[in-house]
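Read off the chains here:
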Amino acid sequence: MYLRSDYYNAVEEEVKVIIADIITEVENGKPYDEALKEAYTAIYQSKDAGYDTANYEGIDSCYYPDIPTVDSVYFNRARKLLSEAIEN
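Residues numbered from 1 in each chain as written. Predicted model: local features only at pLDDT ≥ 70, side-chain atom pairs only at ≥ 80, totals over all residues. Heavy atoms only, no water.

**Focus on the pattern of salt bridges**
Keep this limit in mind: Salt bridge, as used here, is a side-chain nitrogen of Lys or Arg placed within 4 Å of a carboxyl oxygen of Asp or Glu. Put simply, DSSP H or I for four residues or longer makes a helix, DSSP E for two residues or longer makes a strand, and each gets a number counted from the N terminus. Classification of residues uses two cut-offs on accessible area relative to the type maximum, computed with a 1.4 Å probe and protein chains only: under 20% is buried, over 50% is exposed, and between them is partly exposed.
Considering all chains together, one arrives at eight salt bridges under this definition. Residue K80 pairs with E12 through a salt bridge whose shortest N-O separation is 3.1 Å. Linking K80 in helix α4 (residues 72-87) with E12 in helix α1 (residues 5-18), this pair joins segments that are 68 residues apart in sequence. On the basis of relative accessible area, K80 is assigned to the partly exposed category, the value being 26%. The exposure class of E12 is buried, given its relative accessible area of 10%. Between E38 and K30 there is a salt bridge; the shortest N-O distance is 2.8 Å.

**A closer look at the confidence of the model for the chain**
The predicted coordinates should not be examined in detail at positions where pLDDT is low. Just so we agree on the cut-off: Looking at any residue, its pLDDT shows the predictor's confidence there, from 0 to 100.
Scored by pLDDT, the chain comes out at a mean of 88, with 85% of its residues at no less than 70. Least confident of the elements in the chain is helix α3 (residues 32-47), whose mean pLDDT is 94; most confident is helix α2 (residues 20-27), at 97.

**Examining the packing of α2 against α3**
This is how it is decided: Here the axes come from fitting lines to C-alpha atoms, over the contacting stretch only for helices, and the angles between their N-to-C directions go from 0 to 180 degrees. Between 65 and 115 degrees an angle is taken as roughly perpendicular, under 35 as roughly parallel, over 145 as roughly antiparallel, and anywhere else as oblique. The contact rule is simple, with two residues in contact once any of their heavy atoms fall within 4.5 Å. For this classification, Asp, Glu, Lys and Arg are treated as charged, while Ala, Val, Leu, Ile, Met, Phe, Trp, Tyr, Cys and Pro are nonpolar and the rest, including Gly, are polar.
In the contact formed by α2 and α3, the axes pass within 10 Å of each other and the chain directions differ by 175°. Between α2 and α3, the interaxial angle falls into the category roughly antiparallel. For the pair formed by α2 and α3, the contact residues are I22, E25 and V26 on the first element and A35, E38, A39 and A42 on the second. In the contact of α2 with α3, the residues fall into five nonpolar, no polar and two charged.

**Remarks on the packing of aromatic side chains**
Which entries qualify depends on this criterion: Side-chain rings of Phe, Tyr and Trp, where Trp is taken by its six-membered ring, are said to pair if the distance between their centres is within 6.5 Å; with planes under 30 degrees apart they count as stacked, over 60 as edge-to-face, and otherwise as tilted.
Across all of its chains, the model carries three aromatic pairs by this definition. Ring centres of Y44 and Y51 lie 5.0 Å apart, and the angle between their planes is 45°; this geometry places the pair in the tilted category. The burial state of Y44 is the same as that of Y51; both residues are buried. Aromatic pair Y44 and F75: ring centres 5.3 Å apart, planes at 55°, arrangement tilted. Taken together, the residues span a long stretch of sequence, with Y44 in helix α3 and F75 in helix α4 at a distance of 31 residues. An identical accessibility class is assigned to Y44 and F75; each is buried.

**Considerations on the nonpolar core**
Going by this rule: As used here, the term nonpolar core means buried Ala, Val, Leu, Ile, Met, Phe, Trp, Tyr and Cys residues forming a set that is joined through side-chain atoms within 4.5 Å.
The biggest cluster of nonpolar side chains holds 22 residues, and the ones touching the most others in it are V15, I19, I22 and L82. For this core, the element with the most residues is α4, which contributes seven residues. Once you skip the residues sitting within four places of it in the chain, I19 turns out to touch A39, A42, A78 and L82.

As structure tokens, this is what we get:
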């Protein structure tokens, strides 16, 4: 049970829209780990269109200066939706 169930539900609907294509790819056999990385990138880009992971190749994530601030609920819901896509 979530303490903020209304918030989680609202974010889940938003994340469904953001990663809809990735969810479909997972349902069609795309590896979860690859899809999760793409989903995280899509979520970051939904908050800051200029976010580009290519700038951070080979750099430890603690040194990323321009990562947009995103509530962890977005990533939680993305993992849930991708896991459900595997089960379907």
